[in-house]
Amino acid sequence: MKNQPKIFHTISELHVAMGQPKPMHPLISILNYGQAIFDPKDFEQGIILDYYKISFKTHFKGKLRYGHGFYDFEEGGMSFISPGQVLRMQDEEADYSGMSLHIHPDFIRPYSLNTTIKKYGFFNYSASEALYLSGREKEAILGVFGSIQTELNERIDSFSQDVIISQIELLLNYSNRFYNRQFITRKAINHDALAQLETVINDYFDSEKTLVNGVLTVQFLADELNLSPRYLSDLLRNLCGQNTQQFIHDKLIEKAKEYIANGTFSVSEIGYKLGFEHPQSFNKLFKKKTNLSPVAFKELFNKN
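A quick note: this is a predicted structure, and the numbers were derived from the prediction, not measured.

Considerations on the overall build of the chain
Each helix and strand counted, the chain has 13 helices and 10 strands in total. C-alpha atoms of the chain, sized along the principal axes, occupy 75 × 45 × 45 Å. Buried residues in the chain amount to 43% of all 304 residues. In the chain, of all internal contacts separated by at least 6 residues, the share reaching a separation of at least 24 is 73%. Element-wise, carbon and sulfur atoms account for 50% of the exposed surface of the chain, whose accessible area totals about 16,200 Å². Between the mean site of the 33 positive side-chain charges and the mean site of the 35 negative ones, the chain shows a separation of 5 Å.

Right, here's the structure in full:
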């Protein structure tokens, strides 16, 4: 259908759509963007792949500006797509050079990678949260791409799958390391994001949005900061050692203690003001975080 994303169930289907020969292996391939022949208008509604896609692009828009300079390297970038995600073929993507690695889940299914690949959060980042590479990082990434391509071109045998799996694992570990470096080089701008997050949370409590929207959620905060939920969690984990849900819980407890110190509200009213539908849920979280029930904490506070 014209108004629906185009679904590619197999890697071979994608190769044909890109005007390329069928892949050397039906479950894994590397596609060179410079050789692709297609009309972006054919994919205006986006595409959905039933397999993983790891892309390296020489020209990547979206570098972060801070003050008078950029905080990102300019040697190319990487993006990661997991099966079932909608990929938008944006206009600028028709004019970049690079390559993409496509991995069907069946290729990794017999290996532990089938489980561990789900732990790499960058597969759930948005397109604007790409990884920007330094010169040395680019060399390392292209080296792995090259090793996989050589293995596919020259020697598909009983050892090929094991060798390629090890190369994919290396690629993912490199990507994880380089994303961690990117969080460090973006530290100043990430601290600004943290300050913005604090402002959003305080406004959520002070304007009593909790009475309408309920307990503060990860999705709400991510939307307010224009970040994907997983990227926000990884950013917070890098800055303060907590994911977003843990961060929210700490803020809820801080606010609950503030209400208790105020002395105006009952425990049930405090839970309601924080967005909890049921007092039991509030009591359970409070005790989990403080080892005291709200009532016990209130009594202890009044004694002091």
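As for unusual backbone geometry
The phi dihedral of asparagine 226 is positive, around 55°, even though this residue is not glycine. Topologically, asparagine 226 is positioned in the loop between α8 (218-224) and α9 (229-240). Under the relative-accessibility criterion, asparagine 226 is labelled exposed at 65%.

Things to note about the sheet that holds strand β1 (residues 6-8)
Strand pairing in a sheet takes place through backbone hydrogen bonds and is either antiparallel or parallel in direction. The strand order across the open sheet built from 3 strands is β1-β3-β8, with neighbouring strands paired in mixed fashion. At either end of the open sheet lies a strand with only one pairing partner, and these are β1 and β8 (86-87). The pairing of β1 with strand β3 (residues 47-49) spans 3 bridges and is classified as parallel. Of the residues in β3, the one forming a bridge with lysine 6 is isoleucine 47.

Some details on the packing of aromatic side chains
For the structure on display, the rule yields 18 aromatic pairs. Plain terms: the ring middles of tyrosine 120 and phenylalanine 122 are 5.5 Å apart, the flat faces sit at 35° to each other, and that makes the pair tilted. In terms of burial, tyrosine 120 and phenylalanine 122 fall into one category: buried. Relative to tyrosine 231, the ring of tyrosine 125 lies with its centre 4.9 Å away and its plane at 80°, an arrangement referred to as edge-to-face. Here the residue tyrosine 125 occupies a position in the loop between α3 (113-116) and β10 (131-132), and tyrosine 231 occupies one in helix α9, the gap between them amounting to 106 residues. For tyrosine 231, a relative accessible area of 3% corresponds to the buried category. Cluster of aromatic residues (ring-pair linked, three or more members): Tyr52, Phe80, Tyr120, Phe122, Phe123, Tyr125, Tyr179, Phe183 and Tyr231. When the ring centre of phenylalanine 8 is taken as reference, the NZ or CZ atom of lysine 6 above it lies at 5.5 Å.

Examining the side chain of asparagine 114
By secondary structure assignment, the location of asparagine 114 is in helix α3. In this structure, asparagine 114 is in contact with Pro105, Ile108 and Arg109, ignoring residues within four places of it in sequence.

A closer look at a nonpolar patch on the surface
A cluster of nonpolar side chains, namely Leu211, Val212 and Tyr272, defines an oily patch on the protein surface of about 340 Å² accessible area. Note that leucine 211 resides in helix α7 (residues 210-213). On the accessibility criterion, leucine 211 (38% relative accessible area) is partly exposed.

Some points on the pattern of salt bridges
All told, the structure shown has 11 salt bridges when counted by the stated rule. Here aspartate 203 and lysine 209 are joined by a salt bridge, their closest N and O atoms 3.0 Å apart. Given the relative accessible area of 38%, aspartate 203 is considered partly exposed. The residue lysine 255 makes a salt bridge to glutamate 258 at a minimum N-O spacing of 3.1 Å. Of this pair, lysine 255 and glutamate 258 both sit in helix α10 (residues 244-262), 3 residues apart, roughly one helical turn. Since its relative accessible area comes to 10%, lysine 255 is described here as buried. Given a relative accessible area of 45%, glutamate 258 falls into the partly exposed group. Taken together, the shared-partner salt bridges in this structure form one network comprising Glu198, Lys251 and Glu254.

Each value, and the rule that gives it
Residues numbered from 1 in each chain as written. Predicted model: local features only at pLDDT ≥ 70, side-chain atom pairs only at ≥ 80, totals over all residues. Heavy atoms only, no water. Helix = DSSP H or I, 4+ residues; strand = E, 2+ residues; numbered from the N terminus. Buried < 20%, exposed > 50% of the residue type's maximum accessible area, 1.4 Å probe, protein only. Contact = heavy atoms within 4.5 Å. Areas by Shrake-Rupley, 256 points an atom, 1.4 Å probe, with all protein chains shown as cover. Lys, Arg positive; Asp, Glu negative; His and termini not counted. Charge placed at Lys NZ, Arg CZ, Asp CG, Glu CD. Pairing = 2+ DSSP bridges. Phe/Tyr/Trp six-rings, centres within 6.5 Å; stacked < 30°, edge-to-face > 60°. Lys NZ or Arg CZ within 6 Å of the ring centre and 35° of its normal. Patch = residues over 30% accessible without salt bridge, like charges linked within 9 Å, V, L, I, M, F, W, Y side chains within 5 Å. Salt bridge = Lys/Arg side-chain N within 4 Å of Asp/Glu carboxyl O.

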